[in-house]
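Letter by letter, the chains look like this.
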Amino acid sequence: MNKVAVVGTGQTKFSKEDGDIEKLLFESADTCIQSTKNCDPNDIDGVLVSTNDNSKYMGAILSEMMGIQPRVSHSIEHLCSSGTNAIISAYSYISSGLSDVVLVSGAESATNPGRVLEWDKSRGNFEHPIYWASMFTKSHKRKFHTTEEELAMVSAKNHKHAMDNPLAYSNKPRTISEVMNSKHITEDLRILDCSRSCSGSSSIILASEEKAKKIAEQPIWITGIGQKTTSASFTKNILGEIKSTRIAADSAYKMASIEAKQIDVAEVHDAFSVCELMAISELGITSDEKSGEFVRNLFNTENRMINPRGGLIGAGHPLGATGISQTIEISNQLQGKSEKRQIQNTRTGLIHNMSAAGTSSSVMVLKN
Amino acid sequence: MTFFEDQLEQGVFQICYCKNCNNTIWPSKEICHICHGKINWKESMNVGKIVEFSKKESMYFGLIEIDDGIMVLGDISCSSEPKIGQSVKMNVSFHNKPHYSFIVENN
């Protein structure tokens, strides 16, 4: 298998307002190609588009807009983890030798059809993600004695990180008491515990080892990938667990020949505060019982190890772009280019992206 | 509308199971996902147990386990705070989407 590297990145600002998918895609793809110093658009032989938007034929449309005639072009949809699924597809094309250089672009408009999974009849009329998130939160509090303050710390921490991310939808600081006193969506969920659907776009270029050495000064290598889908229905989950994340992480660590303790920086899928606590334990970074304490310690010591760009809660959640933005953040961290958000001496980074109440997860390990 | 939805509209929760391996299939499907056998239907007992719950404004809602380990999200009517493991009775309907409603027994 060919080695695969991240060689270029580009992003738009995230926004609460509705956006035009084509314009957003063009903006991030153009910035991405411009950022890849020695990349001739004619070298790009794959164009993949990640979105939940109903637009058709976006792989070919983006290719035409960018003046590219690739061998491979198509769209990828997998709800909230569409972005990492598109990156992993690009990885597969390159590692198998079917492509050498692939542009992966994700975009979403704030009001997109990926926010609710209508297929899942087991949710009854409680279709919106706030209901499964309320079940996850109540169960976490009951099983692991997680406190309201610990949950609020996830949001306060990630909003604080987002203040140093100029592309985040909001740069407002949120104190723990502000989060705890924010509007109750349900008895177990406050509005500042929730990520917000946003408009936005992000693009990344992946290349084979041979091409990466020619076109990139600091290629970042994808060394581990794990994916797992356990079901599509929320009610097939065991409350308190995200089994798909645990299995995907195990596969990614094995492929990268690392252990969880070697992770220097991670972007995890904090769709809701409780999801960050569950993710860091399923990824093996801490345990279920200590996840609240772990985040408390990060917050108190201003350690940016988890979600340095602000996560989904702080930066916003344009579904099709989220996994790509997470990967860009980890690439930048490993290149030492994260400016105010930079964590020192990073060697190994992780991306965790999931869909529909954790019924499907993607985990990637990157190294510099 | 599917058969399952049509029956919900008539107030009946139909449980889908495999004629061949007897496995319960939830959410209901056209074939068994284990042996790919043909399916059949049986009516729910309309009782369940509370697995987890929360509250939105004045309404309790939660995850309820009904027949054969099937789980659904529904609203919970009760005069005091529900308890985990509490027995509930189920009523169903369909208005563009399924509605599963539960009443705490012996409340």
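Here the structure is a predicted model, which is why all the values come from computation and not from measurement. (Residues numbered from 1 in each chain as written. Chains lettered and ligands numbered in written order. Predicted model: local features only at pLDDT ≥ 70, side-chain atom pairs only at ≥ 80, totals over all residues. Heavy atoms only, no water.)

K.L.:
An account of the packing of helix H5 (residues 148-162) of chain A against helix H9 (residues 273-282) of chain A is needed here, citing residue identities and associated values.
P.N.:
Residue and element names in this part refer to chain A. Between H5 and H9, the shortest axis-to-axis distance is 8 Å and the interhelical angle comes to 95°. Taken together, the axes of H5 and H9 are roughly perpendicular relative to one another. Judged by residue contacts, Leu151, Val154, Ser155, Lys157 and Asn158 of H5 engage Ser273, Val274, Glu276 and Leu277 from H9. The residue inventory of the contact of H5 with H9, partitioned by class, reads four nonpolar, three polar and two charged. (Axes fitted to C-alpha atoms, helices over the stretch in contact; angles between N-to-C directions. Helix = DSSP H or I, 4+ residues; strand = E, 2+ residues; numbered from the N terminus. Parallel < 35°, antiparallel > 145°, perpendicular 65-115°, else oblique. Contact = heavy atoms within 4.5 Å. Nonpolar A, V, L, I, M, F, W, Y, C, P; charged D, E, K, R; others polar.)

K.L.:
Could you give an account of the interface of chain A and chain B, with specific residues and numbers?
P.N.:
Contact with chain A, which involves 23 residues of that partner, is made by 23 residues of chain B. Summed over both partners, the interface of chain A with chain B comes to about 2,200 Å²; 64% of that surface belongs to carbon and sulfur atoms. Contact with chain B buries area across many residues of chain A, yet Lys121, Phe126 and Met135 of chain A alone supply 27% of it, more than any other trio. Counting across the chain A and chain B interface gives three salt bridges. When the shortest N-O distance is used, the salt bridge between Glu127 of chain A and Lys97 of chain B registers 2.9 Å. (Buried area = accessible area lost by both parts, 1.4 Å probe. Salt bridge = Lys/Arg side-chain N within 4 Å of Asp/Glu carboxyl O.)

K.L.:
Tell me about the sheet that holds strand S5 (residues 59-65) of chain B, and please be specific about residues and values.
P.N.:
The strand order around the closed barrel formed by five strands is S4-S5-S6-S8-S7 (chain B), and the pairing between neighbours is mixed. Neighbour-to-neighbour, the strand axes of the sheet open up by a mean angle of 45°, direction not taken into account. Alignment of S5 of chain B against strand S6 (residues 71-77) of chain B, held across six bridges, turns out to be antiparallel. Note that in S6 of chain B the partner of Ile64 of chain B across the bridge is Val72 of chain B. Strands strand S4 (47-56), S5 and S6 of chain B of the sheet are contacted by helix H4 (residues 129-144) of chain A, whose axis makes an angle of about 95° with S4 of chain B. (Pairing = 2+ DSSP bridges.)

K.L.:
Tell me about the pattern of salt bridges, residues and numbers included.
P.N.:
All names here are of chain A. The full count for this structure, using the stated rule, is 28 salt bridges over all chains. The partner of Lys141 in a salt bridge is Glu148, with the nearest N and O atoms 2.6 Å apart. By relative accessible area, Lys141 is classed as buried at 17%. Judged by relative accessible area, which is 29%, Glu148 ranks as partly exposed. (Buried < 20%, exposed > 50% of the residue type's maximum accessible area, 1.4 Å probe, protein only.)

K.L.:
An account of helix H10 (residues 291-301) of chain A is requested, with residue identities and associated values reported.
P.N.:
All names here are of chain A. Listed in full, the buried residues belonging to H10 are Ser291, Gly292, Val295, Leu298 and Phe299. One side of H10 holds all its buried residues, which, seen down the axis, span an arc of 125°. On the buried face of H10, the contacting elements are H4, H5, helix H6 (176-180) and H9. Positive backbone phi, at 55°, marks Glu302, one or two positions downstream of H10. (Arc of directions from axis to C-beta.)

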